[in-house]
Amino acid sequence: MNILITGDISSIAASLAIRLSQNKQKVVVAGANFPDLKLRDVIYHPVLSSDELYSEIISAYRFDAVVFLSTREELLFNSSAQYSGKILDGLINTLNLCRDGNVKHLFFVSSTEVNGESTRSVIDTCPDPVSVNGITLQSEEAQCKYYTDYFGLGTT
């Protein structure tokens, strides 16, 4: 299986890439600041999902799945982190390329920030973000739902 990991790869992307490659998956990572792991089944492209060259990565491989990692608030304060609006642009670009490239499934990894300060169950409550990043995450989740509802793209 060919898997792309993209979005904000500064947090869990390395651990995810290692785990997937240990399970005999071919993994491609696209984004900024990925550590040099020298893993045989992991290919790294230093291209952001919002960049024009990103489409060439999507078309160069036949991805079965894409894992898109959203930005977490605490990472926005790191000088190497991308701002959340750029991640939203990258997600929309990724959704379009997945739709057009017949990718079977996109896994969107969000954050509890989208729920704001609510203590109720995520399923029982409407998100009420209290930060700019939370609002961006809410928009990203809505974009994923839109692509599922209107284009049949499998999203989780």
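From a predicted model like this one, the values you see are computed outputs, not experimental measurements.

*Asks:* Please give an account of helix H1 (residues 13-22) that cites residues and values.
*Replies:* Within the span of H1, buried status applies to Ala13, Ala14, Ala17, Leu20 and Ser21. End-on, the buried residues of H1 take up no more than an arc of 135 degrees, which puts them together on one face. Residues of H1 that are exposed and angled more than 90 degrees away from the buried face: Ser15, Arg19 and Gln22. Check the buried side of H1 and you find it contacts strand S1 (2-7), strand S2 (26-30), strand S3 (42-45) and strand S4 (65-69). Lys24 sits one or two positions beyond H1 and adopts a positive phi of about 65 degrees.

*Asks:* Lay out the pattern of salt bridges in plain terms, naming residues and giving numbers.
*Replies:* Applying the stated criterion to the full structure yields three salt bridges. Lys104 is the partner of Asp64 in a salt bridge, and the nearest nitrogen-oxygen pair spans 3.5 Å. Highlighted residues: Asp64 in the loop between helix H2 (54-60) and S4 and Lys104 in the loop between helix H4 (84-100) and strand S5 (105-109), separated in sequence by 40 residues. Judged by its relative accessible area of 60%, Lys104 falls in the exposed class. Where Arg99 meets Asp100, a salt bridge forms, and the shortest distance between an N and an O atom there is 2.9 Å.

*Asks:* Can you tell me about the environment of Ser59, naming the residues and giving the values?
*Replies:* By the secondary structure assignment, Ser59 is in helix H2. Judged by its relative accessible area of 60%, Ser59 falls in the exposed class.

*Asks:* Tell me what's going on with the pairing of S5, and back it up with residues and numbers.
*Replies:* Residues of S5 alternate between two faces, with Leu106 and Phe108 buried on one and His105, Phe107 and Val109 left unburied on the opposite face. As paired elements, S5 and strand S6 (residues 154-155) share two bridges and run parallel to each other. Bridged to His105 within S6 is Gly154.

*Asks:* Talk me through the state of the cysteines; I want residue IDs and the actual numbers.
*Replies:* Scanning the entire structure with this criterion turns up zero disulfides. We note that Cys98 lacks a disulfide partner, and the nearest cysteine sulfur, in Cys144, lies 9.5 Å from it. Owing to a relative accessible area of 0%, Cys98 belongs among the buried residues under this scheme. We classify Cys144 as buried; its relative accessible area is 6%.

Criteria and cut-off values
Residues numbered from 1 in each chain as written. Predicted model: local features only at pLDDT ≥ 70, side-chain atom pairs only at ≥ 80, totals over all residues. Heavy atoms only, no water. Buried < 20%, exposed > 50% of the residue type's maximum accessible area, 1.4 Å probe, protein only. Helix = DSSP H or I, 4+ residues; strand = E, 2+ residues; numbered from the N terminus. Arc of directions from axis to C-beta. Contact = heavy atoms within 4.5 Å. Salt bridge = Lys/Arg side-chain N within 4 Å of Asp/Glu carboxyl O. Pairing = 2+ DSSP bridges. Disulfide = S-S within 2.5 Å.

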